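Listed below, chain by chain, are the residues.
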Amino acid sequence: MALTFLLLCFSALQAQQLKYGIYGGITASQVQGDPYSGFNKLGGTAGLFLNNHIDRNIYWQAEIKYVSRGVYKGPSDNDQTLFKSSYHYVEIPLSVHYLVNEKFLVELGTSPEVLLGAVFWDENGILSQDLYPENRKFGLSVFAGVGYWFSKRMMAGLRYTNSAIPFRDPEEWNNPQYRGYFHNVMSLSLAYRIGPGSSGH
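Quick caveat: nothing in here was measured; it's all calculated off a predicted structure.

Enquirer: Pulling in residues and values, what's your account of the pattern of salt bridges?
Expert: A complete count under the given rule lists 7 salt bridges for this structure. For the salt bridge of Lys 73 with Asp 79, the shortest nitrogen-to-oxygen distance reads 2.9 Å. Overall, the relative accessible area of 18% leaves Lys 73 in the buried class. According to the relative accessible area criterion, Asp 79 is partly exposed, its value standing at 30%. Asp 169 is the salt-bridge partner of Arg 136, the closest N and O atoms lying 2.5 Å from each other. Here the residue Arg 136 occupies a position in the loop between strand S7 (125-126) and strand S8 (138-149), and Asp 169 occupies one in the loop between strand S9 (154-163) and strand S10 (182-193), the gap between them amounting to 33 residues. What makes Arg 136 partly exposed here is its relative accessible area of 32%.

What follows is the structure, given as structure tokens:
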């Protein structure tokens, strides 16, 4: 039954001339609202994409992806403390892409997301979950990016993602400077188009 369903889905994709593929890459992230600045936390991302034309140079894209985000503050000569957090999300990005000369693209989109879990460390190791802050299970991000199709099936892309709503409430509600905590993520990825067609768009 499952195999039949997958075959039917594949046939439908072929009939509609939809393009689809896979991608993966690395992320560098920080959290806006905490005392640690800098895109120092490295992580990874991987997912599937599906797209089709709206117009000759414009197309929509839907994705499902995994991404890790967080914070990293390492020890230094003046401060031997360490703090690291890692948040694991599943996202469903939806975007519109504008293609220039069939090679360069600019994208804008939004991404509903689900928090799978989070882990926090200090210089002594993983912290007890009793000390973890309360984070929202569901969130929303916005993103923008650029990309370059350097072959018919391969693309390199750079994307910046920012939380549209805070993933954690502010600690001081009566202070207007504290709006909450927001993920800032830079990602660099490679995409491989599996679907039909002669070019990557």
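Enquirer: How would you summarise the environment of Gly 33 if you had to cite specific residues and measurements?
Expert: Mapped onto the elements of the fold, Gly 33 is located in the loop between strand S1 (19-32) and strand S2 (41-53). Note on Gly 33: relative accessible area 37%, which makes it partly exposed. Among residues more than four places away in sequence, those in contact with Gly 33 are Gly 180 and Tyr 181.

Enquirer: Please set out the nonpolar core residue by residue, giving values where relevant.
Expert: Membership of the largest hydrophobic core is limited to 12 residues, which are Val 31, Val 67, Val 71, Phe 83, Tyr 87, Tyr 89, Leu 115, Ala 118, Phe 120, Tyr 132, Phe 167 and Tyr 181. Residues in contact with Val 67, not counting those within four places in the same chain, are Thr 27, Gly 44, Thr 45, Tyr 87, His 88, Tyr 89 and Glu 91. Membership of the second largest hydrophobic core comes to 8 residues, among which are Phe 49, Trp 149, Met 155 and Ala 191.

Conventions adopted
Residues numbered from 1 in each chain as written. Predicted model: local features only at pLDDT ≥ 70, side-chain atom pairs only at ≥ 80, totals over all residues. Heavy atoms only, no water. Salt bridge = Lys/Arg side-chain N within 4 Å of Asp/Glu carboxyl O. Buried < 20%, exposed > 50% of the residue type's maximum accessible area, 1.4 Å probe, protein only. Helix = DSSP H or I, 4+ residues; strand = E, 2+ residues; numbered from the N terminus. Contact = heavy atoms within 4.5 Å. Core = buried A, V, L, I, M, F, W, Y, C linked by side-chain atoms within 4.5 Å.

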